[in-house]
Amino acid sequence: NGEYVIFLDGDDTIVLGCLVALNNILINKCIDILKFNWRHVQKHSQIENDSCCIVSHKVRSYDMSITRDAISVFKNFAVGGLLACGACYRTTLIKTIRFRTMTNGEDVLFGTEVICKASSFVLDTDMICYNYLDRMGSAVNTKNLRHLYGVIDTATSVFDVVKNWNNYFAVKGYLFRKMRTLLL
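Report follows, based on the coordinates.

Considering the overall build of the protein chain
Piece 1. Along its length, the protein chain carries six helices and seven strands.
Piece 2. Relative to all contacts within the protein chain whose residues are 6 or more apart in sequence, the contacts with residues 24 or more apart total 81%.
Piece 3. Counting every atom, the protein chain has about 10200 Å² of accessible surface; 54% of that belongs to carbon and sulfur.

A few points about the packing of aromatic side chains
Piece 1. On inspection of all chains with the given rule, the structure shows 11 aromatic pairs.
Piece 2. Measuring from ring centre to ring centre gives 6.0 Å for F7 and Y89, while their planes differ by 55°; the resulting arrangement is tilted. Of the two residues, F7 sits in the loop between strand 1 (4-6) and strand 2 (13-14) while Y89 sits in strand 6 (residues 87-90), which places them 82 residues apart along the sequence.
Piece 3. A relative accessible area of 0% means that Y89 is categorised as buried.
Piece 4. Three or more aromatic residues link up through ring pairs in this structure, and these residues are F159, Y168, F169 and F176.

Quick word on the side chain of S120
Piece 1. Looking at the secondary structure, you find S120 in strand 7 (residues 120-133).
Piece 2. A polar contact is formed between the side chain of S120 and the backbone oxygen of C30, at a distance of 3.1 Å.
Piece 3. When sequence neighbours within four positions are dropped, the list of residues in contact with S120 reads C30, I31, D32, I33, Y62 and M64.

Points about the environment of C88
Piece 1. The residue C88 is located in strand 6 in this model.
Piece 2. Residues C88 and D32 lie 56 residues apart in sequence; the distance between their C-alpha atoms is 8.2 Å.

Examining the pattern of salt bridges
Piece 1. Counting across every chain of the model gives five salt bridges.
Piece 2. With its nearest N and O atoms 3.4 Å apart, the salt bridge here joins R90 to D32. Taken together, the positions of R90 in strand 6 and D32 in the loop between helix 1 (18-26) and strand 3 (33-41) put the pair 58 residues apart, joining distant regions of the chain.
Piece 3. The buried category is assigned to D32, whose relative accessible area is 7%.
Piece 4. The residue K117 makes a salt bridge to E113 at a minimum N-O spacing of 3.0 Å. Linking K117 with E113, this pair stays in helix 4 (residues 106-117), spanning four residues, or about one helical turn.
Piece 5. On the accessibility criterion, E113 (4% relative accessible area) is buried.
Piece 6. Several salt bridges converge on common partners, so that one network encompasses E3, D32 and R90.

As for the nonpolar core
Piece 1. I33, F74, L82, F121 and V162 are the most contacted members of the largest nonpolar core, which totals 37 residues.
Piece 2. Those elements that place two or more of their residues in this core are helix 2 (67-77), strand 6, helix 3 (91-94), helix 4, strand 7, helix 5 (145-162) and helix 6 (168-183).
Piece 3. Listed in part, the 17 residues of the second largest apolar core include I31, L34, C85 and M127.

About the thresholds
- Residues numbered from 1 in each chain as written.
- Predicted model: local features only at pLDDT ≥ 70, side-chain atom pairs only at ≥ 80, totals over all residues.
- Heavy atoms only, no water.
- Helix = DSSP H or I, 4+ residues; strand = E, 2+ residues; numbered from the N terminus.
- Contact = heavy atoms within 4.5 Å.
- Areas by Shrake-Rupley, 256 points an atom, 1.4 Å probe, with all protein chains shown as cover.
- Phe/Tyr/Trp six-rings, centres within 6.5 Å; stacked < 30°, edge-to-face > 60°.
- Buried < 20%, exposed > 50% of the residue type's maximum accessible area, 1.4 Å probe, protein only.
- Polar contact = N/O pair within 3.5 Å; in protein donor to acceptor, adjacent residues only side chain to side chain.
- Salt bridge = Lys/Arg side-chain N within 4 Å of Asp/Glu carboxyl O.
- Core = buried A, V, L, I, M, F, W, Y, C linked by side-chain atoms within 4.5 Å.

This is a description of form; function is not addressed.
If you want it as structure tokens, here you go:
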């Protein structure tokens, strides 16, 4: 019922104090996506005395109705740069997303689709709000035939989402290069 959603994997953690810090940025603003930083941790003991890490707020806002801003956000964050767990999302935006059942790559597809549907995107490069537990079974550490099939499925789904975006022709070349990198 809240205005914003943060996704959290079951074995990861939110940094202490980050919800208050995020709320202070989001309060009374019309922001669809607030992207924050995250860090890899090897084990939860590394984060026992954790608190929201903010050096200084270098917040950059993008108006997704401006083609230049939309293309910049797409090239920097779509197709793997924005994962579900790396940002705070407006609930009304989330309700427009078509969630698909996939072997892997759902984060990549989700991040790309929300970028294509967002009207505003804010990047806070200095705030670390998410601790990603890097373990052997993590998707980033799994490279096998099943993973390859998942990557192909993801690439096809990403293309299906982006080809309907009003900025598709401006990012088409970039998208194909990025897809080729994913498949190699």
